[in-house]
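One letter stands for each residue in the lines below.
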Amino acid sequence: MDGATNGTGERSPEGSNTYTSIKQGTYALKRDFNASTRLTAQHYLWKDVLKFELHPSISIGPDSHIADVATGNGIWLLDLMQNLPSTIKLDGFDISLDQCPPDAWLPDNVNMHTWDLFEEPPARFVGVFDVVHIRLITVAVRNNDPRPILANLHRLLKPGGYIQWDEADSVDWSVRSVHHSVDTQAVERLFQQLCGTHDWKRNMVQILNSSGFHGSLTHRVEYGRSMARFWSDMYMSTWEEFAKVVLKNPEESHMLGVNAMEQVRDGSAINCAKLVWVAQKV
Ligand SMILES: C[S@@+](CC[C@H](N)C(=O)[O-])C[C@H]1O[C@@H](n2cnc3c(N)ncnc32)[C@H](O)[C@@H]1O
């Protein structure tokens, strides 16, 4: 029996304010081997639940040029590359390339570049891409408004080029449990701290359509119960990084983590759908 799907209704106001303490220019997570391992595991969980890397509505050809912005350790780009002809050019961008493989080990058709997505893109990358992909940049979105980021992604694309933006649904999530008697409060509080307030995800289709894109669609997928524990562990690991870098309340975070882990072992898990938005540049 499934219990305690708490939805978005009863969140503590304390939990929704965790992002206000992030100083502008500070990245809310880490870039060490644990952070990179988490990105790698997360990539394969995403691939498992979506069953695609590029949304099936996106058409590419042998001369396509694909960008992955905020590429992290480059896992999305390098995995995608393996099933594409080597004539397709792929460029990864991130404010830091600390997590990427060394340039010398990248295939000839893959390049990585340092770029802050809040700055205008370098001229040589303006209007050259058929596809621009971005995933899991929620922690960097400022003032609950993705439009400054969208404007720069729009600049990278050719007319008619596709944007694909993937995020966890940090607005409409729940905590699932095996039975109503299982306490899930700590898990819920922990995940609320990580989610913050990102209502923009509710309006993304309208935002895209008013930002120089058309044909915008949302693809929403939920993982099943058998995969929920794996996703939950990954989110708790992300939260632990976030708590260390942003919350800086080690004793309270430690206790919350211990209690949440106990509740996970009792049979609860974070239930958080994946969102993929696709649109074409006008
Ligand atoms: C959660 S990771 C996601 C990585 C990758 N997209 C993935 O799905 O595996 C977020 C990435 O955004 C990058 N990032 C944060 N702020 C950025 C900025 N202003 N410009 C470019 N990249 C940024 C971080 O360096 C980090 O690599």
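Below is a summary of the structure that appears in this document.

The rules behind these values
- Residues numbered from 1 in each chain as written.
- Predicted model: local features only at pLDDT ≥ 70, side-chain atom pairs only at ≥ 80, totals over all residues.
- Heavy atoms only, no water.
- Buried < 20%, exposed > 50% of the residue type's maximum accessible area, 1.4 Å probe, protein only.
- Helix = DSSP H or I, 4+ residues; strand = E, 2+ residues; numbered from the N terminus.
- Salt bridge = Lys/Arg side-chain N within 4 Å of Asp/Glu carboxyl O.
- Contact = heavy atoms within 4.5 Å.
- Near = heavy atom within 4 Å.
- Polar contact = N/O pair within 3.5 Å; in protein donor to acceptor, adjacent residues only side chain to side chain.
- Areas by Shrake-Rupley, 256 points an atom, 1.4 Å probe, with all protein chains shown as cover.
- Nonpolar A, V, L, I, M, F, W, Y, C, P; charged D, E, K, R; others polar.
- Pairing = 2+ DSSP bridges.
- Axes fitted to C-alpha atoms, helices over the stretch in contact; angles between N-to-C directions.
- Core = buried A, V, L, I, M, F, W, Y, C linked by side-chain atoms within 4.5 Å.
- 1 Å grid on protein atoms, 1.4 Å probe; cavity = no way out; pocket = protein on both sides within 12 Å on 5 of 7 lines; lining within 4 Å.
- Points joined across faces, edges and corners; volume = space filled by probe spheres on them.

### So, helix α6 (residues 225–247)
An α-helix turns once per 3.6 residues; consequently, residues spaced three or four apart project the same way. Residues A228, W231, S232, M234, Y235, M236, T238, W239, E241, F242, A243 and V246 constitute the buried set of α6. Looking at the residues trailing α6, positive phi occurs at K248, about 50°.

### Quick word on the pattern of salt bridges
Pairs can form between side chains of opposite charge whenever their charged atoms are close. The tally for this structure, following the rule as stated, stands at 10 salt bridges. Residues D130 and K158 are paired through a salt bridge, measuring 3.0 Å at the closest nitrogen-oxygen approach. Of the two residues, D130 sits in strand β4 (residues 129–135) while K158 sits in strand β5 (residues 157–168), which places them 28 residues apart along the sequence. Taking the relative accessible area as the measure of exposure, D130 reaches 18% and is therefore buried. On the basis of relative accessible area, K158 is assigned to the partly exposed category, the value being 29%.

### Considerations on the environment of P62
Of note, P62 is situated in the loop between α1 (33–50) and β1 (65–69). Put simply, P62 and A269 are 207 residues apart on the chain and 42 Å apart in space, counted from C-alpha to C-alpha. For P62, the contacting residues outside a window of four places in its chain are T87 and I88.

### A short note on the site of the ligand
The environment of the ligand is made up of 16 residues, and the closest members are R31, A70, D94, D116 and R135. Taking D94, its side chain carries an N or O atom lying 2.6 Å from an oxygen atom of the ligand. Residue R135 places a side-chain N or O atom 2.7 Å away from an oxygen atom belonging to the ligand. Protein contact buries 96% of the 600 Å² of open area that the ligand shows by itself. The class makeup of the residues in the shell around the ligand is 10 nonpolar, two polar and four charged.

### A few points about the sheet that holds strand β3 (residues 110–114)
Read across the sheet, seven strands follow the order β3-β2-β1-β4-β5-β9-β7 without closing on themselves; strand pairing throughout is mixed. Two strands bound the open sheet, and with one partner strand each, they are β3 and β7 (213–221). Neighbour-to-neighbour, the strand axes of this sheet turn through a mean angle of 15°, independent of strand direction. Bridge count between β1 and β4: four bridges; the pairing is parallel. Looking at the pairing, V69 lines up with I134 of β4.

### Regarding the nonpolar core
Counting 52 residues, the largest nonpolar core has I66, L90 and Y235 as its most contacted members. The biggest single contributor to this core is α6, with nine residues. Those residues within four positions of Y235 in sequence are excluded, and the remaining contacts are A168, F191, L194, Y223, I270, C272 and K274. Of all hydrophobic cores here, the second largest spans 26 residues; its members include A67, L156, L157 and L275.

### Quick word on the layout of surface pockets
Put simply, the second largest pocket is a space of about 250 Å³. Looking at the lining of the second largest pocket, the elements with two or more residues in it are α6 and α7 (250–265). Split into classes, the residues belonging to the lining of the second largest pocket amount to six nonpolar, four polar and three charged.

### What to know about empty space enclosed by the protein
Evaluated as defined, the whole model comprises one cavity of 30 Å³ or more. Estimates place the volume of the largest cavity at around 40 Å³. Together, H43, W46, K47, F52, E53, W76, H133, R135 and D166 line the largest cavity. Secondary-structure elements contributing two or more residues to the lining of the largest cavity are α1 and β4. With three residues, the single largest contributor to the lining of the largest cavity is α1.

### A closer look at the environment of N271
Here N271 is to be found in strand β8 (residues 268–271). Classification of N271 as buried rests on a relative accessible area of 10%. Along the chain, N271 and S59 lie 212 residues apart, while their C-alpha atoms are 31 Å from each other. Once residues lying within four places of it in the same chain are set aside, the contact partners of N271 are W173, S174, R176, E222 and Y223.

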